[in-house]
Every structure is written in C-alpha cells, then in structure tokens.
Amino acid sequence: MDEIRRRKIVLEILLTTCVLAALILGVALGLFAAKSRNVRLGSSMGDYNLAAPTQILDRRGRLITELFGNEKRDILPLDEIPRHLVYALITREDAHFFRHHGFSVRGFLRAAWNITTGRYVSGGSTITQQLAGTLYASRVDRTIERKLKELWWALQLERTLSKKQILELYMNETFFGSGTHGVEAASQFYFGHSARAITLAESAMLVIQAASPARYSPFRHPEAAKRLQQNILQKMVRAGYASKQEVSRSLEDYWTAYDYTRPAHASAFSENTSEAPHFSEYVRQELERSLFGKLDYFRDGLTVHTTLDLDYQRAAQRIVERNLKAINASYLSASGTRLAAVDRELAPVVGLLALGFDLTAVDQARSLRRRRTTEEAYLTAVSPVLEITSQIFGIAPLEGVARAANANRRAEAERTTVEAALITLDNATGEILAMLGGSSWERSKFNRAIDARIQPGSAIKPLYYSAALSSGKFTPATRIYDGPIVFFGEDGEPYTPSNFLGEWSGSVLLRSALAKSINVPSLQVLSGIGFDSAIDRISRLLGMEAERDNERIFPRLYPLGLGVTPVAPVNMARAYAAFANQGREVTPVAIIYIQDRRGNVILEPEKELRAEQKRKGRSLQIMSPQAAYLMVSLLESTFDGGTLSALRERFGDFGGMAMAGKTGTTQNWSDAWTVGFSPYCTTAIWFGFDKRGSSLGLAQTGATAAGPVWGEYMQAIHKDLPKRQFTPPDTGLVRVKVDAESGLLPSPSSQHVISELFIAGTEPRRLDTLQAYKSAREEELVRKLQNSALLQGLPELRGLEPNAAPEWEPYPWRESPPADERSRLQNPLLE
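Here is what the cut-offs are and how they apply
- Residues numbered from 1 in each chain as written.
- Predicted model: local features only at pLDDT ≥ 70, side-chain atom pairs only at ≥ 80, totals over all residues.
- Heavy atoms only, no water.
- Helix = DSSP H or I, 4+ residues; strand = E, 2+ residues; numbered from the N terminus.
- Buried < 20%, exposed > 50% of the residue type's maximum accessible area, 1.4 Å probe, protein only.
- Contact = heavy atoms within 4.5 Å.
- Areas by Shrake-Rupley, 256 points an atom, 1.4 Å probe, with all protein chains shown as cover.
- Axes fitted to C-alpha atoms, helices over the stretch in contact; angles between N-to-C directions.
- Parallel < 35°, antiparallel > 145°, perpendicular 65-115°, else oblique.
- Nonpolar A, V, L, I, M, F, W, Y, C, P; charged D, E, K, R; others polar.
- Salt bridge = Lys/Arg side-chain N within 4 Å of Asp/Glu carboxyl O.
- Pairing = 2+ DSSP bridges.
- Expected span 1.5 Å × (residues − 1).
- Polar contact = N/O pair within 3.5 Å; in protein donor to acceptor, adjacent residues only side chain to side chain.
- pLDDT = per-residue confidence, 0-100.
- Core = buried A, V, L, I, M, F, W, Y, C linked by side-chain atoms within 4.5 Å.

1. Considering the overall build of the protein chain
Here is step 1 of the chain: For the protein chain, the helix and strand inventory stands at 27 helices and 16 strands.
Here is step 2 of the chain: Each of the 831 residues in the protein chain was classed as buried or not, and the buried ones make up 49%.
Here is step 3 of the chain: Taking all contacts inside the protein chain whose residues are at least 6 apart in sequence as the whole, residues at least 24 apart take part in 70%.
Here is step 4 of the chain: Split by element, the accessible area of the protein chain, about 41,000 Å² in all, is 54% carbon and sulfur.

2. Things to note about the packing of helix H9 (residues 200-211) against helix H11 (residues 244-256)
Here is step 1 of the chain: Where H9 meets H11, the axes come as close as 7 Å, and the angle between the chain directions of the two elements is 75 degrees. For the element pair H9 / H11, the angle class is roughly perpendicular. When H9 is examined against H11, the residues Leu200, Ala201, Glu202 and Met205 are found in contact with a partner set consisting of Glu246, Val247, Ser250, Leu251, Tyr254 and Trp255.
Here is step 2 of the chain: A per-class count over the contact of H9 with H11 returns 7 nonpolar, 1 polar and 2 charged.

3. Some points on unusual backbone geometry
Here is step 1 of the chain: Here the phi dihedral of aspartate 653 falls at roughly 60 degrees; this positive angle occurs in a residue that is not glycine.
Here is step 2 of the chain: Along the chain, aspartate 653 turns up in the loop between helix H24 (645-650) and strand E12 (660-665).
Here is step 3 of the chain: Backbone geometry places phenylalanine 654, a non-glycine residue, at a positive phi of 55 degrees.
Here is step 4 of the chain: For phenylalanine 654, the location among the structural elements is in the loop between H24 and E12.

4. Observations regarding the pattern of salt bridges
Two side chains with opposite charge may pair up if their charged atoms get near one another.
Here is step 1 of the chain: Scanning the entire structure with this criterion turns up 31 salt bridges.
Here is step 2 of the chain: A salt bridge links arginine 60 to aspartate 311; the nearest nitrogen and oxygen atoms lie 3.0 Å apart. In this pair, arginine 60 is assigned in the loop between strand E1 (54-57) and strand E2 (63-67) and aspartate 311 in helix H13 (residues 310-356), connecting sequence segments 251 residues apart.
Here is step 3 of the chain: In this structure, the salt-bridge partner of lysine 607 is glutamate 604, at a minimum N-O distance of 3.9 Å.
Here is step 4 of the chain: Lysine 607 sits in the exposed class, given a relative accessible area of 57%.
Here is step 5 of the chain: Look at glutamate 604 and you get partly exposed, because its relative accessible area is 33%.
Here is step 6 of the chain: Here the salt bridges do not stand alone but share partners, grouping Asp58, Arg60, Arg62, Glu275, Asp309, Asp311 and Arg314 into one network.

5. Side note on the sheet that holds E12
Here is step 1 of the chain: Strand order in this open sheet of 5 strands is E5-E4-E14-E13-E12, and the pairing throughout is antiparallel. Each having just a single partner strand, strand E5 (432-436) and E12 make up the two edges of the open sheet. Neighbouring strand axes in the sheet, compared pairwise and without regard to direction, differ in orientation by 5 degrees on average.
Here is step 2 of the chain: Judged from the 8 bridges that link them, strand E4 (residues 419-426) and strand E14 (residues 681-688) form a sheet pairing that is antiparallel. Counted as the bridge partner of leucine 422 is isoleucine 685 from E14.
Here is step 3 of the chain: Where helix H25 (residues 702-718) meets the sheet, its contacts fall on E4, E5, E12, strand E13 (672-677) and E14, and the angle it forms with E13 comes to roughly 35 degrees.

6. Re the environment of isoleucine 319
Here is step 1 of the chain: For isoleucine 319, the position within the fold is in helix H13.
Here is step 2 of the chain: Residue class for isoleucine 319 comes out buried when judged on its relative accessible area of 1%.
Here is step 3 of the chain: Sequence-wise, isoleucine 319 and alanine 716 are 397 residues apart; in three dimensions their C-alpha atoms are separated by 9.4 Å.
Here is step 4 of the chain: Excluding anything up to four places from it in sequence, isoleucine 319 contacts Val709, Glu712, Tyr713 and Ala716.

7. Concerning helix H8 (residues 182-191)
Here is step 1 of the chain: Burial analysis of H8 places 8 of its 10 residues in the buried class, the great majority of the element.
Here is step 2 of the chain: Within H8, the full set of buried residues consists of Gly182, Val183, Glu184, Ala186, Ser187, Phe189, Tyr190 and Phe191.
Here is step 3 of the chain: At its buried positions, H8 is contacted by helix H3 (83-93), helix H7 (163-173), H9 and H11.
Here is step 4 of the chain: Count one or two residues on from H8 and you reach glycine 192, which has phi positive near 80 degrees.

8. With respect to helix H22 (residues 605-616)
Here is step 1 of the chain: For H22, built from 12 residues, the straight-helix expectation of 16 Å at 1.5 Å per residue is met to within 8% by its first-to-last C-alpha distance of 17 Å.
Here is step 2 of the chain: Looking at the buried positions of H22, the neighbouring elements they touch are strand E10 (591-595) and strand E11 (601-603).
Here is step 3 of the chain: Positioned one or two residues after H22, glycine 617 has a phi angle of 55 degrees, which is positive.

9. A closer look at the environment of threonine 478
Here is step 1 of the chain: Looking at the secondary structure, you find threonine 478 in the loop between helix H17 (461-471) and strand E6 (479-482).
Here is step 2 of the chain: Considering only alpha carbons, one finds threonine 478 and proline 764, 286 residues apart in sequence, at a separation of 9.1 Å.
Here is step 3 of the chain: Among all residues touching threonine 478, those that are not within four sequence positions of it are Lys473, Val508, Leu509 and Leu510.
Here is step 4 of the chain: In this structure the side chain of threonine 478 is engaged in a polar contact, spanning 2.8 Å, whose partner is the backbone nitrogen of threonine 475.

10. Description of the pairing of strand E3 (residues 303-306)
Here is step 1 of the chain: Side chains of E3 alternate between two faces, with Thr303 and His305 and Val304 and Thr306 buried alike.
Here is step 2 of the chain: Bridge analysis of E1 against E3 gives 3 bridges, and the strand direction is parallel. Paired with isoleucine 56 across the bridge in E3 is valine 304.

11. As for the confidence of the model for the protein chain
Here is step 1 of the chain: Per-residue confidence for the protein chain gives a mean pLDDT of 80, with 70% of residues at or over 70.
Here is step 2 of the chain: Predicted confidence is poor over residues 361-366, with pLDDT under 50, and the contacts of this stretch with residues over four places away or in other chains come to 6 contacts.
Here is step 3 of the chain: Below pLDDT 50 for its whole length, residues 800-831 participates in 41 contacts with residues either more than four positions away or in separate chains.

12. Points about the nonpolar core
Here is step 1 of the chain: Among the nonpolar cores identified, the biggest contains 94 residues, and Phe279, Leu287, Ile423, Tyr464, Leu542, Met572 and Tyr576 are the most heavily contacted of them.
Here is step 2 of the chain: Broken down by element, this core gets its largest block of residues, 8 residues, from helix H23 (residues 625-636).
Here is step 3 of the chain: Non-local contacts of tyrosine 464, meaning those with residues more than four positions away in its chain, are made with Ser522, Leu523, Val525, Leu526, Ile529, Ala534, Ile538 and Gly561.
Here is step 4 of the chain: In this structure, Trp152, Met171, Ala210 and Ala225 belong to the second largest nonpolar core, which totals 53 residues.

13. Considering the side chain of threonine 174
Here is step 1 of the chain: Relative to the elements of secondary structure, threonine 174 occurs in the loop between H7 and H8.
Here is step 2 of the chain: Within the local environment of threonine 174, its side chain forms a polar contact with the backbone oxygen of tyrosine 170, the two atoms lying 2.8 Å apart.
Here is step 3 of the chain: Ignoring any residue separated from it by four or fewer positions in sequence, one finds threonine 174 in contact with Thr180, His181, Gly182 and Ala210.

14. Quick word on the sheet that holds E10
Here is step 1 of the chain: Spatially, E2-E1-E3-E10-E11 is the arrangement adopted by the 5 strands of the open sheet, whose pairing is mixed. Both outer strands of the open sheet, E2 and E11, are each paired with one neighbouring strand and no more. Adjacent strand axes in the sheet meet at a mean angle of 25 degrees when their direction is disregarded.
Here is step 2 of the chain: Judged from the 4 bridges that link them, E3 and E10 form a sheet pairing that is antiparallel. Paired with histidine 305 across the two strands is tyrosine 593, which belongs to E10.
Here is step 3 of the chain: Those strands touched by helix H12 (residues 277-290) are E1, E2, E3, E10 and E11, and its axis lies near 55 degrees from that of E2.
Here is step 4 of the chain: Where H22 meets the sheet, its contacts fall on E10 and E11, and the angle it forms with E10 comes to roughly 130 degrees.

Structure, rendered in structure tokens:
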C-alpha cells in the first residue's frame, strides 16, 4: 500500500510540474505572439539583420580595421547537397528533426534550466530553432528571453516552410567558422572542393564546425576534431545512414590526405588592410574563441574595443621597418663578402687541385656551385614570368612548374631573409599595446610575436636568476668563478660552455655576471638552484606551466641555462613584465569589451580576466615583491656597464625614464633579442630567420642589432609620459656596503667599496678577507722571486717592493703565467 501511495504522489508531482511548465510556456509564447501579432512570416523571411562589418578599435576608439567577409554564397538547392551531409547534420544537431514541429520540450527545458542555473549551455535547440536564432535572434545572448524568441520564430518557420525548405535555408545560411557561410563556401575553404562532392568523413567534419568552429577546428585542434568526427560517424552507422565499411574507408581517405602543414590559424580573412594586420588577425581568432561560433563577426556589425595603442603601433612599424632593411642589407653584404672571398681566394686553388690530382668530387662541387648560381637566376628572373604567362594563357603544366619554383624560392627566403617581431605589454594589466608579427603581412601571415618558437639565448637568464634570489642561496654580491669549467648533466654527459668571443673574467659578482651576460657564472647559478627550481620558475614566468615536464622544451641539461627553450616573444614579454609588476603573473589580453550593432555590451574579456585573477588571489604571486625588485635592479645594471650600456648615452638616458632589460644572442648568431621594460610597459624585440641554419653574423647580436631598435622604440613611446623610476617595496630590502671584489663586508684592506641591495636576511655577515689574502700572497711571491735562482742576474727585481710588483712579469719566458696559476691567484677563495 505504501508503495502504491508513493507512486501516486510522484505521479501527481510530475503531472503538476508538466501542467505548470505548459502554462508558463503558453503564457510566454502568448506574450511573444502578442508582440508579433502584426508580423507576417511570409513577408519577413528576409527581414533579419543585414550584413555589416565588425569594427576593431584601438584603446582610444580609433579604427584599426574592419572585418568583413567576401560572402560568395553559391546557393545550393537541397537536391544538389549529398544526402550523407544532410544525415550528418541531423545526426549531430537534431536526430528527431523530421518528427518534431520546431522544438523539443526536453531540449528547451534543459537549456532553460542551464541558463537559469548559470551552467554550461549544452545543445538544446533543434535545427529549426538554430535557424530561427541565426535569422531573428542573437545566438550569443544566453537568456530565457532569447530562447523564447527563438522558439516563437521556430514555430513560425515550421508553419510556413516545409522540412526540406528549412534544411535548405539552414545549409545556405549557417556560419561554419573561419569567415565561411553556408556549406558551399565552407566546403571550398575546409576541403578545397564543392559541397556537391563532399565525402562522408568530410560531412561529419563540416557539421562539427557549425556548433563550435574554434574548439574543433581541423587545423587548430585536429585530434579533438577527429574524435568528434568518429563519434558522429559511429552514430550514423547505428542510425542506418552509413555502413561500417563506408565509414572506415572514408575516414582512412580523409586522414591519409590531411595536410598537417596547413596553418593552424587559417581563415578566409586574407586581404587585411589593417593598420595592425597581425594584431587584427589575432583579435579575429580571439573573437572566434570567445563567441563560440554563435555570432558571425564578418557580418554582425560588432564593435571590438581593443587594448592596442595605434601611436605605439605606428612607431613600432616605422622603426622596425627602417632598421630591418639595414639589418638585411648588412647580412647580405657580409654573406656576399664571405662568398666572394671564397670564390676569389680559394676557388682557383681548389680548381688547380681538382685538375692536378684528378679530384672528381671537388670538380663536381664546383659544378654544383655553378648550377646553384643558375638556379638562383632562374628563380629570381625567369620563374615569375613563367607564372604570369601560364595564368594568362591557361597553360596548366607551365603553371605547376612555376609554382614549384616559387615554393623553393619561398623556402630559400625563409633561410636567408631576416625577419622581425615585436610585442609591448602594459606591466600591470598585460594589455597588448603594440604587436608586429613580421616584416610584411602581404608576404607572410605568420604571427611570429605569438606563434613562433624561437630560442631566446641569454635573455632566458633573468628567469632562473630570479629563482636563485628567491632561494636565498644567491645575492647580487655572490662571488662566482668565470673560467673553463666542465658541467655534468643528469645524463652524465660533459658540457663545457664558453663566453662570447671566448673571453674569461676570472671571478665576478652575480650582478656583473648578469649585466655582462657571462655564461659560466650563469650556469653555476643554475647548478646551485637545481633544474627543478629553475624549470618551475622559467615555465611559470613564460606562461608555459603545461609544458613544464616536456623535456624537449625544458631539457634537464645545462644548455637550458643558455636559452635553448623555444618561446615566442609574447612569452618573454610577460616573463619580464612580472618583474616590473612586483612579481605577480602577467596575462596578455587584447580585447577590452565587445558591443553588438545596437551598442549593447555582449562580452567583456578583460573584465572576466580581472575577475579570474581576483579569484586566484595570492597564487598569482610568482615571487616576492622584494625578489622582483631585486631583479629590476639587476636588469637596470645592464644599462650601466652591461650589454645595453651603449643605449644610455645614445638615447640621452631616455630623458630620465628608468629602463631595465637584457639581451640575448643564440648559437651561431642566429637570433638577436632585446627584452626590457620601463615603469610603464615591457617590450620584446626579436630579429632572426624563420628557418634555422643561417647566421646574422658576428656584428649582429642582441646588443648591436635588437638593442638599438628597442631603445629607439622605447624612447619614442615614452617621450610624452611623466618620468618615473622603479618603486621598491616598503619593507624587506636592505642596502649594505660591500667589498666590490669579494662581495663581503669591507675590511681595512678593501680597495673599492660599493653599495649593494639585498633581501633582508641575505646580506653578508663576514668581513672581506680576499684583499688581505691577496696582499699576503703577493708579498710571499715577491720574496720567492727575489730568492729564486732562476732570476739571478735580473737586477730590476732587487729591492722590489710588494706593492710595486708587476702582475705577470715574474714569468719573463712567457707572456702570461700558466692558466692554473692565474686562476689560483685570481680566485684564492676557491683553493
């Protein structure tokens, strides 16, 4: 009896709920019907929003560019659309399409519940509702009011049109991502052929894009797209729309022919007349991710307010373009000089050797050299003419030859043309103020500022130096040996680094080691803190925590400390900005807010980022404010006797504006970096090649190539800003006088005393003993020299006073003492 009563109660509750839901739905639809009583669907089917371009504005409201699609809508009748594409759409979006009258009660209530509770909005709309939303409502508006409006129009569509007409309209109006509308334009973009010839596997891939083109793009996320594609095809098999054999064969054909080299951010947005084209494309990609494909930014008339400052952008373009021309000219001149010297001095000798000794291989090499010269002439002079001729007269084979030649020419350009990238971030907010993704948008759409993977060289050093300061094991006054040392990695392999031009400094203090970018002391710092601590800090600052355990990116080997980790300029900029931001994480952001065509704010990406940062709270603190300011102080020293010291005089001390930064040059002088910041913003600049293998040349380093460009740009964007210095934290730092050579507290014998900054508690406690030791050692050496039988007959040493002893004259038979004796004299504390 109790069980019967319980079932009766449950049934009554369910019936009551259904009645209430029906009443609510009826009243809501009645209200919408009342609002729309004068609307005639038959005369208003085309009365939805007309296409309007999306405007991208800079931070001051100035127009950067407009996004608009060249909508080549080849309307396809449903009869010309392959049936398996229709079945794929129904399987993915609306399995009961032919059985309902425009909406699903279960789907509608689920979506309404998700909207009310603020949960993720899973698919609850029928194909008819989606079409109604595309035509008459905003698909990005996640409210019950929008769902009701969508439902009302769906009912009208079902009343007026047949199911086939609804499908045909959907197939030709829906946005499929990357600027494409309708299945024909989408098929041409994604697969390179008409939708009339679309395959079973391609059909599944295409319908995925209608729901989430950013999340399941076959170019950006091929593995995720592939999993969903397989899932849809399996459902089609279960529904009887395809056989297992058809699905298996079509999948194999699709992924066998898949082009993995196609750019991940490919889009129909190829003709960009923007003042900041790489930035505009970056914003477009962010729009696609943010809007979940529900709004078509090529026709919905959005207004996107961005963080870019066009004044900064124009300065960057003007300065980088001018200097890049000079750098390329210098590179070509140096390369030509080297090749000319080889041809002039060595080629005749090699030719004689080849003839005299019948060296066939050498003679073949000379022939190869001549052949390469001929190839260069063909690529530069003949190939372009061939391509134009083939296009004019429609000679397909000739066009193929010309295109292949041009592909080789582009590949050669990637190895021999110096490229550039620049990005500027606001220190406190991470707002992107300027972005150059390359030298020319017309020549290359690749955004090197965001997507490149380049070794940063010595510019990586401050990242793990900051971990050393945080550990308390090192201070700016730590004395470190600089000379030949063999390091052994975790794999047991020896590694013997050298310094720039093979010069050694003996021993240096940590501040000087970083300012002058000396390699061996830096690797001793890395060794002192260990790989775990170094990789933790480097990956966190770069925003690459997810890659922390990837040893191809962060190898647990000593070259890590010299910058072999591949990064993008944006990673380096956010890392350095954290120093200026009191040690807090800096996340780059490009979009402030987005408005629809009516002026309503529909998204606020920056506001959402700030809310997320507030939730994270203290976890955003990568290092203490004290350690961060100490890094700022160390990087200021780069401008005072370090690798960027020439900039201070060249740019007039930047008009009193504080500057800090670091240079980086990779092995073989392939890449040149300068990354630095003011109290306002951080800028990373890179020069190098898209493909490794070429060298900028000994004269083109981070300090000599990138440094002056960085300095000129930073001076230009700061000229109208109030002059500021870096502000230290109120507590936690102490300034102490130390011996300039030992880094210890000065003693009576100290010859040079400096003031140094320390995190409180890490300042030196011991008095300097180095100077006294050196004096005693010098006196002992002089006595030995005076009594040495080897030096009998050298009257100039008789009565020699200790302080008058020349440094290396005691070894008259050689220019300098043995290396071991020199190191021992300069580094007595290591004995």
